[in-house]
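For reference, the chains in residue letters:
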Amino acid sequence: MRYLSTRGEAAQLAFDDVLLAGLATDGGLYTPLAYPHVSPGDIAALAGVPYAEAAARLIGPFLTDEAAQTALRAQTEVAYASFRHRAIAPMTQIADNLFVLELFHGPTLAFKDLAMQLLGRMMNDVLEKRNLRATIVGATSGDTGAAAIEAFRGLPRVDVFILYPHGRVSDVQRKQMTTVTEDNVHTIALQGTFDDAQNILKRLFRNRPFRERVGLAGVNSINWARVVAQMVYYFTSGVALGAPHRRISYAVPTGNFGDVLAGYIAKRMGLPVERLIVATNANDILARALATGRYEPRGVTPTQSPSMDIQVSSNFERLLFDATGRDHAALRGAFASLDQSGAFDIPPAALETIRAEFDAQSVGEAQTTAEIARTWREAGYVLDPHTATGVRAARVRLEADPATPVVALSTAHPAKFPDAIERAIGCRPRAPDAIAARLEGPERFTILENDEARVSAFISERARAAQA
Ligand SMILES: *Cc1c(COP(=O)(O)O)cnc(C)c1O
C-alpha cells in the first residue's frame, strides 16, 4: 500500500515513511491510495482470535513491504503484552443493545495506548533498520502525551517532547507525563490552549530546517499508523456482537476525529457498520458542521472531558477528502479559507455523503454528569466523563433505532477523572494500584510561552538527533 497527501502537493510515500513523517510537507494528511477489503469470511474468522493476532491480520495489508508484514505479528504481541486485561479491549453490556467497549486497560488508562504502544514498536524498528535517530514532538490535550511518553520512554533512538496546555489537563493526566524519570522524555507546559499547542506543532512540521535538524517525527492522532491501529477494535467488538451477519452502530467520544475516523475506515474495509455517532462535549464544532455544513472553530470551553476540548478536529480532513471524491483542490481551498477567514463550507454533495454515515450529538456538562449517575444507578457501572458523552449519544440513537446494537467506546478509566465522578455519584473511583504508585514521584516539566521560536529553540538544544 502507498499513501498520498490530502492536499496533493507532497510526494506519495510508503507506510514506514508515513509513520515517521506524521503530517505531510504540504500541510495535508496521508491517506492510503485505497482501502484493503476484508471479506465476510475473513471477518467471521476473527471470532475467538487473540487481539494481537487480529491486529496483525487487519493492519498487515496497510503496510508497504513484505518484511514489515512479517515483523508486524511480533510488534502487536509486544505492544499489547503491557495491557492489564487479557482481552485487551473487553466489552460490558449496560442496557438493552447498549455495550461499552473498554479501551482503558493499557498503561495510561486511556484508549490512546492501543495505538501508541504499537506505534512505538513500529517506529523503533524502522529507526533501527535505517540506523537513524528521531525526535518525537507531540501536542496533547491530556491523554496523547502520556500515551506517547509510555510508548517511547527509554528508547535509545528517540527523544520525546510533549506540549500540553498549562493548567488545562487533570492532575492524573499531568502526573502521568511529568513523573516519568527517563532522560529522553521532556514535558513542556505551554501557556495557551490545546489548539495553540497543536498550531505550534503544525508550524514546527512546516519548518523544514528544524524538521531536518532534529529528525522530527509526529505521533499525534493525525499519524496514519494510529488511525489504522484503532480500526482493529471496531472489528473485534463487531465480531463479538455478530458481524459480519449483523449490523452495528458505534458511538465515539470525539475530539480530533481520529478514533471515529478509524470506525469509518473499518466500514470502508467491509465491517457492516450501521451508523457512526460522533459524541462531542460543549466544544461542538463537529455537531455544528454536520448540522449546518459550516466548519467553524470557536473558542475552546474547558469541560470535565478535557481530552475532547478541541475546536479543530484535524482528522476530519481525511473524511472530507473522501467525501469530496478525493478532490485535492477542494481540500486546499477549504483549508486556505479556514486559515484566512476562520471557516469553510462543506460542499453540499460532500455533506450529504457524510450525513449518510455519521450522526453527531453534542452533550453538555449537566447531561454528562446525569449520564454518569444514571448508568451507575441502572447498571452499577462507572463511566468516565468522556465515555459518558458517548453513552448519552448512544441512548439517543437507540431511541430512534432500538434494534441495532450500539457499541459506546469507553476512552478512559474513570479513575483519571475522580472529581467528575464524585460530583455525579458521590464517591471517588480508585486507580489500579500499579498506576497510583507510579504517580507519587517528583514532577518534571518546563513552562514555556506560546511562541514557536521559544519551543523550537528548547527542542533543538536538547534533542540528541540535533547534536550529531
Ligand atoms: C483523545 C481522547 C478522546 C478523543 O479522541 P479523538 O481521536 O481525538 O477524537 C476522547 N476521550 C479520551 C479519553 C481521549 O483521550
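Residues numbered from 1 in each chain as written. Predicted model: local features only at pLDDT ≥ 70, side-chain atom pairs only at ≥ 80, totals over all residues. Heavy atoms only, no water.

1. Considering the UniProt feature "modified residue: N6-(pyridoxal phosphate)lysine" (unreviewed entry) in the protein
Working step 1: UniProt feature "modified residue: N6-(pyridoxal phosphate)lysine" (unreviewed entry): in the numbering of this structure it lies at Lys112.
Working step 2: Tracing the sequence through the fold places lysine 112 in helix 5 (residues 112–130).
Working step 3: Contact partners of lysine 112, with chain neighbours within four places excluded, come to Asp143, Thr144, Ala147 and Arg226. (UniProt positions renumbered as here; feature names shortened; annotations may be inferred. Helix = DSSP H or I, 4+ residues; strand = E, 2+ residues; numbered from the N terminus. Contact = heavy atoms within 4.5 Å.)

2. Digging into the environment of serine 313
Working step 1: Within the secondary structure layout, serine 313 lies in the loop between strand 12 (294–295) and helix 13 (316–323).
Working step 2: Residues serine 313 and asparagine 256 lie 57 residues apart in sequence; the distance between their C-alpha atoms is 4.0 Å.
Working step 3: Not counting residues up to four positions away in its chain, the partners in contact with serine 313 are Gly255, Asn256, Phe257, Ile285, Leu286 and Tyr295.

3. Quick notes on the site of the ligand
Working step 1: Taken together, the neighbourhood of the ligand is formed by 15 residues, with Lys112, Asp143, Gly255, Asn256 and Thr411 sitting nearest.
Working step 2: Contacts to the ligand include lysine 112, whose side-chain N or O atom sits 2.6 Å from an oxygen atom.
Working step 3: Between the ligand and asparagine 256, the relevant distance is 2.7 Å, taken from an oxygen atom to a main-chain nitrogen or oxygen of the residue.
Working step 4: Look at the ligand: alone it shows 380 Å² of surface, and the protein chains cover 98% of it.
Working step 5: Taking a 2 Å distance to the grid points as the criterion, the majority of the atoms of the ligand fall inside the largest cavity.
Working step 6: For the shell around the ligand, the residue count by class is 5 nonpolar, 7 polar and 3 charged. (Near = heavy atom within 4 Å. Polar contact = N/O pair within 3.5 Å; in protein donor to acceptor, adjacent residues only side chain to side chain. Areas by Shrake-Rupley, 256 points an atom, 1.4 Å probe, with all protein chains shown as cover. 1 Å grid on protein atoms, 1.4 Å probe; cavity = no way out; pocket = protein on both sides within 12 Å on 5 of 7 lines; lining within 4 Å. Sits in = over half its atoms within 2 Å of the grid points. Nonpolar A, V, L, I, M, F, W, Y, C, P; charged D, E, K, R; others polar.)

4. Examining the packing of helix 5 against helix 10 (residues 224–240)
Working step 1: For the pair helix 5 and helix 10, interaxial distance at closest approach is 8 Å and the crossing angle is 125°. It follows from the interaxial angle that helix 5 and helix 10 lie oblique. Here the hand of the crossing between helix 5 and helix 10 comes out right-handed. Seen from helix 5, the contacting residues are Lys112, Leu114, Ala115, Met116, Leu118 and Leu119; seen from helix 10, they are Ala225, Arg226, Ala229, Gln230 and Tyr233.
Working step 2: Its residues assigned to classes, the contact of helix 5 with helix 10 comprises 8 nonpolar, 1 polar and 2 charged. (Axes fitted to C-alpha atoms, helices over the stretch in contact; angles between N-to-C directions. Parallel < 35°, antiparallel > 145°, perpendicular 65-115°, else oblique. Left-handed = near helix turned anticlockwise from the far one by under 90°.)

5. Describing the pairing of strand 7 (residues 158–165)
Each regular strand displays side chains that alternate between the two surfaces of the sheet.
Working step 1: Of all 8 residues in strand 7, 8 are buried, a share of seventy percent or more.
Working step 2: The alternating pattern of strand 7 places Val158, Val160, Ile162 and Tyr164 on one face and Asp159, Phe161, Leu163 and Pro165 on the opposite face, and all of these are buried.
Working step 3: Note: strand 6 (residues 134–139) against strand 7, 6 bridges, orientation parallel. Looking at the pairing, alanine 134 lines up with valine 158 of strand 7.
Working step 4: As for the winding sense of the linkage, the β-α-β connection from strand 6 through helix 6 (residues 143–152) to strand 7 is right-handed.
Working step 5: The sheet contact formed by strand 7 and strand 8 (residues 185–191) spans 6 bridges and is parallel. Looking at the pairing, phenylalanine 161 lines up with histidine 186 of strand 8.
Working step 6: Between the parallel elements strand 7 and strand 8, the chain passes through helix 7 (residues 171–178) in a crossover that is right-handed. (Buried < 20%, exposed > 50% of the residue type's maximum accessible area, 1.4 Å probe, protein only. Pairing = 2+ DSSP bridges. Right-handed = clockwise from strand over helix to strand, strands pointing away.)

6. Here we look at the UniProt feature "domain: Tryptophan synthase beta chain-like PALP" (unreviewed entry) in the protein
Working step 1: Following the UniProt record, one finds the feature "domain: Tryptophan synthase beta chain-like PALP" (unreviewed entry) at residues 98–323.
Working step 2: The span residues 98–323 shows a helical share of 45% and a strand share of 20%, and its end C-alpha atoms are spaced 29 Å apart.

7. With respect to the side chain of threonine 411
Working step 1: Tracing the backbone through its elements, the reader meets threonine 411 in the loop between strand 15 (406–410) and helix 18 (418–425).
Working step 2: In this structure threonine 411 comes out as buried when scored by relative accessible area, which is 5%.

8. Details of the sheet that holds strand 15
Working step 1: The strand order 4-5-15-10-11-14 describes an open sheet built from 6 strands, whose pairing is mixed. Each of the sheet's edge strands pairs with one partner strand only, and the pair in question is strand 4 (91–95) and strand 14 (358–362). Ignoring strand direction, the axes of neighbouring strands in this sheet form an average angle of 25°.
Working step 2: Here strand 11 (residues 273–280) pairs with strand 14 via 5 bridges, running parallel. The residue of strand 14 that forms the bridge with isoleucine 277 is aspartate 359.

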